[in-house]
Amino acid sequence: MIRHLPRVFEEGPGRPDGPNDDHPMRKVTKQVAFDPGGWNDERRSKVAALFDSLAEEWHTREHPLRLVPLADAFERAGPLGYGRALEVGSGTGLGTAWLSARYDLLVAVELSSEMLRVSPPDPASKVQADAAALPVSSGSVDAVVLVNMLLFPAEVDRVLKPDGALVWVNTSGDRTPIHLSAEEVDEAMPGEWNGLASEAAWGTWAVLRRA
């Protein structure tokens, strides 16, 4: 069950336009979240190649409002920011430094080798890996943070501690190419979960924990 909190941070001008539901990444996002066979070697290779090709210009997507939804989630859906966390789909590290300052240990996981290559040095450990097979033990992390990232429900469920938190952020809300609503995240995750969600600046966020 998701409980929506009222918006605190106004949207502000300049929110980018986004794709419709026919956009290829929208389709991939839904299939990966809801179809156990939605991720295969061919799709993995295509997604890795796409983000490799975008790595050099990815920094241009940074904007002052990008981290507002993430910060709002940490402020209002705690407890967050303790123990060990995974940032899955870390990209070029636009949010990694912010997260690494809030956890005892942060591991930044990214499929694209080029994204990792151009990311700046920071305190987080960086690992190139497929998010469908995270290189950590079952029940070993306090939080899994996904910002504009595909959701692999079974794998997130596997690595989280029993009281761990799933942090889901779309920095441009429903205009983000890789987008799921809070209710869709809840529906996709195995078992019963409770969560808080809200809008902040251009984005949306949800924090879910097992019921």
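Residues numbered from 1 in each chain as written. Predicted model: local features only at pLDDT ≥ 70, side-chain atom pairs only at ≥ 80, totals over all residues. Heavy atoms only, no water.

Asker: Looking at this model, I keep getting lost on the overall build of the protein chain. Mind explaining?
Answerer: Along the backbone of the protein chain there are seven helices and eight strands. With respect to the three principal axes, the spread of C-alpha positions in the protein chain is 40 × 40 × 35 Å. Considering only intrachain contacts with a sequence separation of at least 6, the fraction spanning at least 24 residues in the protein chain is 61%. Carbon together with sulfur atoms contributes 54% to the accessible area of the protein chain, which is approximately 9,800 Å² in total. Side chains of the protein chain carry 21 positive and 31 negative charges; the gap between the two charge centres is 1 Å. (Helix = DSSP H or I, 4+ residues; strand = E, 2+ residues; numbered from the N terminus. Contact = heavy atoms within 4.5 Å. Areas by Shrake-Rupley, 256 points an atom, 1.4 Å probe, with all protein chains shown as cover. Lys, Arg positive; Asp, Glu negative; His and termini not counted. Charge placed at Lys NZ, Arg CZ, Asp CG, Glu CD.)

Asker: What exactly am I supposed to notice about the packing of aromatic side chains here?
Answerer: Working definition: an aromatic ring pair is given by the centre-to-centre distance plus the angle between the planes. Enumeration according to the criterion identifies four aromatic pairs in this entry. Note on Phe 74 and Trp 98: the rings are 5.1 Å apart at their centroids and 90° apart in plane angle, and the pair reads as edge-to-face. Here Phe 74, found in helix H3 (residues 68–76), pairs with Trp 98, found in helix H4 (residues 96–100); they are 24 residues apart in sequence, far enough to count as distant. Summarising the burial analysis for this pair, Phe 74 and Trp 98 share the class buried. Seen from their ring centres, Phe 74 and Tyr 103 are 6.1 Å apart, and the 80° between their planes marks the pair as edge-to-face. Of this pair, Phe 74 sits in helix H3 while Tyr 103 sits in the loop between H4 and strand E3 (105–110), placing them 29 residues apart in sequence. (Phe/Tyr/Trp six-rings, centres within 6.5 Å; stacked < 30°, edge-to-face > 60°. Buried < 20%, exposed > 50% of the residue type's maximum accessible area, 1.4 Å probe, protein only.)

Asker: Teacher, can you tell me more about the side chain of His 179 here?
Answerer: You can see His 179 is positioned in the loop between strand E6 (160–170) and helix H7 (182–188). With a relative accessible area of 13%, His 179 lands in the buried category. Reaching out from His 179, the side chain makes a polar contact with the side chain of Asn 170 at a distance of 2.7 Å. A polar side-chain atom of His 179 sits 3.3 Å from the main-chain carbonyl oxygen of Gly 173. Filtering out sequence-adjacent residues up to four positions away, His 179 remains in contact with Arg 26, Thr 29, Trp 168, Asn 170, Gly 173 and Asp 174. (Polar contact = N/O pair within 3.5 Å; in protein donor to acceptor, adjacent residues only side chain to side chain.)

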